[in-house]
Amino acid sequence: MQDFSNSTDRLMSITLAIGHYPILSDRIRHKMREELFRRNIITQVDFESEVREKAIQSQQREGVNNPVGEEPADIWEKRATRVRDQLTDLLFSQHFSYDLFQEIVTRVLVERGVNTNKHTIDFNPELAPQELVFEHAWSILRLPAEEQKQYYHHLEESIVVLIRTMISDQLPYINIAKHWFTIQDLSEIRKRKIGTGRIGGKAAGMLLAHRILENELDDDLKPLLAKPEYFFIGSNEQYSFITMNRFERWNDQKYKSEEQMREDYPKIVDDFLKGNFPTDILEKLEDLLQNIGDSPLIVRSSSLLEDSFGTSFAGKYDSFFLPNQGSYEENLLALTEAITRVWASTLNPNALLYRRKKGLQDYDERMAILIMRVEGEHFGKYYMPDAAGVAFSRNLYRWAPQIRREDGFVRIVWGLGTRAVDRVGNDYPRLIALSHPLLRPMPDFQTVERCSQKYVDLIDIEKNEFETLPIQDVIDSDYIPLKYIAQLREEGYFAPMHSRLMEKDRQRIVLTFDELLRKTNLATSMRKILQKLEKNYNAPVDLEFTMNIDEKEIGKPTIQYTILQCRPQSHLSDSIDSQIPSDLEEKDILFSTYFMVPQGTVQNISYALFVQPEEYYKLDETGRFKLARSIGQLNAIMEEKQYVLIGPGRWGSTNTDLGVPVAYSDIFNTAALIELSGKDIGAAPEPSLGTHFFQDLLEAQIYPLAILVDDPENAFQKAFFYHAPNHIGEFLKVDEEMKNTLRLLAIADYRKGNHLKIIMDEEKSYGVGFLEPDTDE
């Protein structure tokens, strides 16, 4: 594999190491020059000629124009010696490994009778170049086993310094990672890193998860894990790109108003795409493409703060699939454009506002890049994994009382995992409670069919494009995993596929994943993987994965996972008061629901921001996005007020026909988000567990609820939401069309001296919003 480590580090390490032997430095450098001459890197005559030339250049920089007449011989000799030493170090670092340098040092020490078995080098690894820190650690590991023990504290210090400077400076991560990463692991990471800086949070989590599972997973489950192919671009290279292209004018974006951020962002992306790449980085990207061949790639964000404890940054930064099927020049251009777009996404308003809300605005958030081979197989002209998804070690929304929260859940799709992590408008993943994998949130036949996956994300190799296609257009009878991920629709039930798919049955295909769950150890193995990671993270975790399905023996499928990402799982805070009053009267209830209710309480709500469904669907797409921006403006104004959002369909959806297209930055001050569904009101409620949007809600402590308004067991007081006075004009200037759609309602208008309180009881799967009298406190 191509080693992307930096010769500059090697030069610094050699110079610093020689400084530890001032008496022997001349002898060490003499031996280094002998090696340069012996291996024909440069002749002795050419070397001395270059020394003289560079020494004269240094004189000229100091204003000495007559090298012989204006400088005494002893000063000239000192000057030439200094240049000779610098040139020796430079040429040696460019052509030879640090190991060879260490051999030369050892030979010189032996010549002078120094005991080289004794570990004598003392230095501060916090200030030393990485090469020297690595060599310090390797020198300890080369000692006899018994002698190593007395230097373990030095070894641990070196490992911590390398983790902090190469991977992540987040203390919660370092406290875990230092117990797992070895010097061998860190050396491998360094070889795969292009440029300087850290590899960022997303890469850090992926590597740590693999390291933990390689050690901790039961032997019978280890064959179920495959390791992805990956490379990194260090976080400092984003600043190199910005500096060389003179884009520093954009550095203060995080301190601007939201309006200015949004106005500037398209210009920033355009500027970045026109920028030039550092030559040394470009050369290494060329080597990377040659090494990886024509395999599809994904360029992923991996910022320094990403996937940290309490700040996942889920979906805030960009990632790009690259089919990588064009000419060499086309592939390189696509790769560099993807990298620059990811760098530009650090200035995306949604990311900047997320940082501002989290108190991270002043952190120096740099962006590393994670370049990965896309996991999958060729299937005709398509390329994709057999399945992909997200898995969580804690199931925060149990849809049946027998489901065990601690066993976790999975959100899985056929094809690329984008449809599992994004809340797409017109599609559904399969939700799996790992304690009861065949128990569905809505088990009736019609709902299972309606809420099954209809589209698949994949790479079209022939078109050299990422595409989303209807599953019927992609499914083929020769596709072996088909009988495990799909079933045939019959009259009132789904039947397994016992033979090849007939053309007449293509439209009866429904992706259920039931046979995969019945015939493999998916639920058991994923549960154990999650439990091992949670135990060693000392916190619940979530991960992204792909899955390969193989059938070496007919009717006995096997699976293999590739973990692509791992981070601490977001969750809602434990609620102190979650007891629903037993004497609630119907006139006090504004809404209630029995659909997948979390545990928690929201108190002292004084406003409800209601999007009237009928008026929303009269808006065209431009009007719906305008409404979403108005919600964002009001969200900023309502920062000091306790309010909830209520409206139709799937909020955060990419399809405006199915819900309000808000982003995290539009809603982060609300206390709860209540989605309405029913005839002519909105899309069927989709449990958004595991999506990036869901992660945002949990991190911001926003309680998500869904109300099926046609269900007679649920309550929704239309009289209040449709007819109470609209206060929107008191806070925000909007036109009449928007005023009819967006209604800001004061709870006290419904009953003076009262506020709204929401209590959610997960055990009973019941949530209720009711009026409660104000207190004097």
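Residues numbered from 1 in each chain as written. Predicted model: local features only at pLDDT ≥ 70, side-chain atom pairs only at ≥ 80, totals over all residues. Heavy atoms only, no water.

J.: Where do I start with the overall build of the protein chain in this structure?
T.: For the protein chain, the count of helices and strands is 30 helices and 28 strands. By its C-alpha atoms, the protein chain is 100 × 65 × 55 Å across when sized along the principal axes. The burial tally for the protein chain puts 58% of its 777 residues in the buried class. In the protein chain, once contacts between residues fewer than 6 apart in sequence are set aside, the share between residues at least 24 apart is 75%. Of the roughly 33500 Å² that the protein chain leaves accessible, carbon and sulfur atoms contribute 48%. Where the 91 positive side-chain charges of the protein chain centre and where its 122 negative ones centre are 2 Å apart. (Helix = DSSP H or I, 4+ residues; strand = E, 2+ residues; numbered from the N terminus. Buried < 20%, exposed > 50% of the residue type's maximum accessible area, 1.4 Å probe, protein only. Contact = heavy atoms within 4.5 Å. Areas by Shrake-Rupley, 256 points an atom, 1.4 Å probe, with all protein chains shown as cover. Lys, Arg positive; Asp, Glu negative; His and termini not counted. Charge placed at Lys NZ, Arg CZ, Asp CG, Glu CD.)

J.: I'm lost on the sheet that holds strand E20 (residues 600-605) in this one. Help?
T.: Overall, antiparallel pairing links the five strands, which are arranged E20-E27-E28-E19-E25 in an open sheet. Each edge of the open sheet carries a strand with a single partner, namely E20 and strand E25 (715-716). (Pairing = 2+ DSSP bridges.)

J.: For this particular structure, what's the right way to read unusual backbone geometry?
T.: Phi is mostly negative for residues that are not glycine, and the peptide bonds are mostly trans. One non-glycine residue, asparagine 464, lies in the positive phi region at around 60°. Relative to the assigned elements, asparagine 464 resides in the loop between strand E12 (455-460) and strand E13 (465-470). For asparagine 464, a relative accessible area of 31% gives the class partly exposed. One non-glycine residue, phenylalanine 513, lies in the positive phi region at around 65°. Inspection of the secondary structure puts phenylalanine 513 in the loop between strand E16 (509-511) and helix H21 (514-519). When its relative accessible area of 2% is taken as the criterion, phenylalanine 513 is described as buried.

J.: Where do I start with the sheet that holds strand E8 (residues 382-384) in this structure?
T.: Note: strands within a sheet are paired through backbone hydrogen bonds, in either parallel or antiparallel orientation. Across the sheet, four strands lie side by side as E7-E8-E12-E13; this open sheet has antiparallel pairing. The open sheet terminates on both sides in strands that have one partner only, identified here as strand E7 (377-379) and E13. Across the sheet, the mean angle separating the axes of adjacent strands is 45° when strand polarity is ignored. Bridge count between E7 and E8: three bridges; the pairing is antiparallel. Bridge pairing links glutamate 377 to methionine 384 in E8. (Axes fitted to C-alpha atoms, helices over the stretch in contact; angles between N-to-C directions.)

J.: Even after reading the chapter, I still don't get the pairing of strand E10 (residues 409-413), so can you show me in this structure?
T.: A regular strand places its side chains on the two faces of the sheet in alternate fashion. In terms of residue burial, E10 counts as a mostly covered element, since five of its five residues are buried. Across the two faces of E10 the burial is the same, with Phe409, Arg411 and Val413 and Val410 and Ile412 all buried. Bridge count for strand E9 (residues 387-392) against E10 is five bridges, and the pairing is antiparallel. Residue pairing across strands places glycine 389 opposite isoleucine 412, the latter belonging to E10. In terms of strand pairing, E10 meets strand E11 (residues 430-433) through four bridges, oriented antiparallel. The partner of phenylalanine 409 across the bridge, within E11, is alanine 433.

J.: Even after reading the chapter, I still don't get the side chain of glutamate 467, so can you show me in this structure?
T.: Position of glutamate 467 relative to the elements: it lies in strand E13. With relative accessibility at 14%, the residue glutamate 467 sits in the buried group.

J.: Looking at this structure, I do not really get the side chain of serine 303. What am I missing?
T.: One can find serine 303 in strand E4 (residues 297-303). A polar contact of 2.6 Å, which involves the side chain of serine 303, links it to the side chain of glutamate 365. In this structure, serine 303 is in contact with Gly200, Gly201, Tyr317, Glu365, Arg366, Met367 and Ala368, ignoring residues within four places of it in sequence. (Polar contact = N/O pair within 3.5 Å; in protein donor to acceptor, adjacent residues only side chain to side chain.)

J.: Would you explain the pattern of salt bridges in this entry?
T.: By the definition in use, this model includes 56 salt bridges. A salt bridge links arginine 29 to aspartate 85; its shortest N-O distance comes to 3.7 Å. One end of the pair, arginine 29, is in helix H2 (residues 25-38); the other, aspartate 85, is in helix H4 (residues 73-95), with 56 residues separating them in the sequence. Owing to a relative accessible area of 9%, arginine 29 belongs among the buried residues under this scheme. Between aspartate 457 and arginine 419 there is a salt bridge, with the nearest N and O atoms lying 3.1 Å from each other. Here the residue aspartate 457 occupies a position in strand E12, and arginine 419 occupies one in helix H17 (residues 418-421), the gap between them amounting to 38 residues. Classification of arginine 419 by relative accessible area gives buried; the value is 7%. What emerges from the salt-bridge pattern is a single network uniting Asp185, Arg211, Glu214 and Lys227. (Salt bridge = Lys/Arg side-chain N within 4 Å of Asp/Glu carboxyl O.)

J.: Explain the packing of aromatic side chains to me, please; I cannot follow it from the model alone.
T.: Each aromatic ring pair is specified by the distance between its two centres and by the angle formed by the two planes. Under the criterion given, the structure shown has 27 aromatic pairs. Taking the centre distance of 5.7 Å and the plane angle of 45° together, the rings of tryptophan 414 and tyrosine 479 count as tilted. On the criterion of sequence distance, the pair formed by tryptophan 414 in the loop between E10 and H17 and tyrosine 479 in the loop between helix H19 (471-474) and helix H20 (482-485) is long-range, its members being 65 residues apart. Each member of the pair, tryptophan 414 together with tyrosine 479, is buried. Geometrically, the ring pair formed by phenylalanine 720 and phenylalanine 721 is edge-to-face, given 5.1 Å between the ring centres and 65° between the ring planes. Considered together, phenylalanine 720 and phenylalanine 721 belong to a single accessibility category, that of buried residues. An aromatic cluster of three or more residues is present, and its members are Phe610, Phe716, Phe720, Phe721, Tyr722 and Tyr750. (Phe/Tyr/Trp six-rings, centres within 6.5 Å; stacked < 30°, edge-to-face > 60°.)

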